[in-house]
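Each chain is listed here by its residues.
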Amino acid sequence: MWFYPEEKYVGGEMFKSGDTKCDLNIQPPGISAADLIAQWESDSITTTLSEEEIILGSGQSGIRFELDSMGRSNSVITVINGRVVVLTCFGDFTQFDEIALTLKAIE
C-alpha cells in the first residue's frame, strides 16, 4: 500500500509544523451524505479511524470522521440548506473542531 509523505499535504504542498489546511466542499444537488460515507467505506485506500455525531454552531448535526487515506485527515459531513457539505482538514487538528463547529448556513 502507498502512503503520502507526512511532510506534505495531498497535492504535494509542503506541510509546516502547526499548519492546518482545510477544504470546504459543497456537493451537487442529489448527492446524499450516506452516498459519500459509502464511498469512503468502500475505498480500499481509506480507513475510518473514528466516527461520531456532533452538533455544529448552527445547531445542525454533523458526523465527524478521522480518516487515513494517503495521510490522516479529519472531516465533517452535514446537510445545510438541502446540500451536503464536507469540511476536510489536514495537518494540525487542534483547531479542527472549532472550525467545524462554526459552519454556518450556505446562502
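Residues numbered from 1 in each chain as written. Predicted model: local features only at pLDDT ≥ 70, side-chain atom pairs only at ≥ 80, totals over all residues. Heavy atoms only, no water.

Student: I'd like a rundown of helix α1 (residues 33-42), residues and numbers included.
Tutor: Listing the buried residues of α1 in full gives Ala33, Leu36, Ile37 and Trp40. Around the axis of α1, the buried residues are gathered within 100° of arc, so they sit on the same side. In α1, the exposed positions that point more than 90 degrees away from the buried face belong to Ala34, Gln39 and Ser42. On the buried face of α1, the contacting elements are β3 (61-68), β4 (72-80) and β5 (83-91). (Buried < 20%, exposed > 50% of the residue type's maximum accessible area, 1.4 Å probe, protein only. Helix = DSSP H or I, 4+ residues; strand = E, 2+ residues; numbered from the N terminus. Arc of directions from axis to C-beta. Contact = heavy atoms within 4.5 Å.)

Student: Lay out the pairing of β5 in plain terms, naming residues and giving numbers.
Tutor: For strand β1 (residues 20-26) and β5, the ladder comprises seven bridges, and the chain directions are antiparallel. The residue bridging leucine 24 from the neighbouring strand is leucine 87, located in β5. Sheet topology places β4 next to β5; seven bridges connect them, and they run antiparallel. Within the sheet, the bridge partner assigned to isoleucine 80 lies in β5 and is arginine 83. (Pairing = 2+ DSSP bridges.)

Student: Now, about the nonpolar core: what can you tell me, with residues and values included?
Tutor: Ile54, Leu56, Val76, Ile80, Val85, Leu87, Cys89, Phe96, Ala100 and Leu103 form the largest nonpolar core, which has 10 residues in total. Taken together, the elements giving at least two residues each to this core come down to β4, β5 and α2 (96-101). With three residues, β5 is the single largest residue contributor to this core. Ignoring anything within four residues of it in the chain, the contact list for leucine 56 reads Ser61, Val76, Thr78, Ala100, Leu101 and Leu103. (Core = buried A, V, L, I, M, F, W, Y, C linked by side-chain atoms within 4.5 Å.)

Student: Give me the lowdown on the state of the cysteines, citing residues and values where you can.
Tutor: For the structure shown, the criterion picks out one disulfide. Between the sulfur of cysteine 22 and that of cysteine 89 lies a disulfide, 2.0 Å long from S to S. Judged by the sign of its S-S torsion, about 105°, the cystine formed by cysteine 22 and cysteine 89 is right-handed. Remark: cysteine 89 occurs in strand β5 and cysteine 22 occurs in strand β1; sequence separation between them is 67 residues. Among the residues examined, cysteine 89 registers a relative accessible area of 0% and is labelled buried. (Disulfide = S-S within 2.5 Å.)

Student: Just give me the short version of the confidence of the model for the protein, but keep the residues and values in it.
Tutor: Confidence in the prediction for the protein averages 81 pLDDT; 79% of positions are at 70 or higher. Confidence, expressed as mean pLDDT per element, reaches its minimum in the protein at α2 with 81 and its maximum at strand β2 (residues 47-55) with 92. (pLDDT = per-residue confidence, 0-100.)

Student: Describe in detail unusual backbone geometry, supporting the description with residues and values.
Tutor: One non-glycine residue, asparagine 81, lies in positive phi territory at about 50°. Inspection of the secondary structure puts asparagine 81 in the loop between β4 and β5. Taking relative accessible area as the criterion, asparagine 81 reaches 54% and is therefore assigned exposed.

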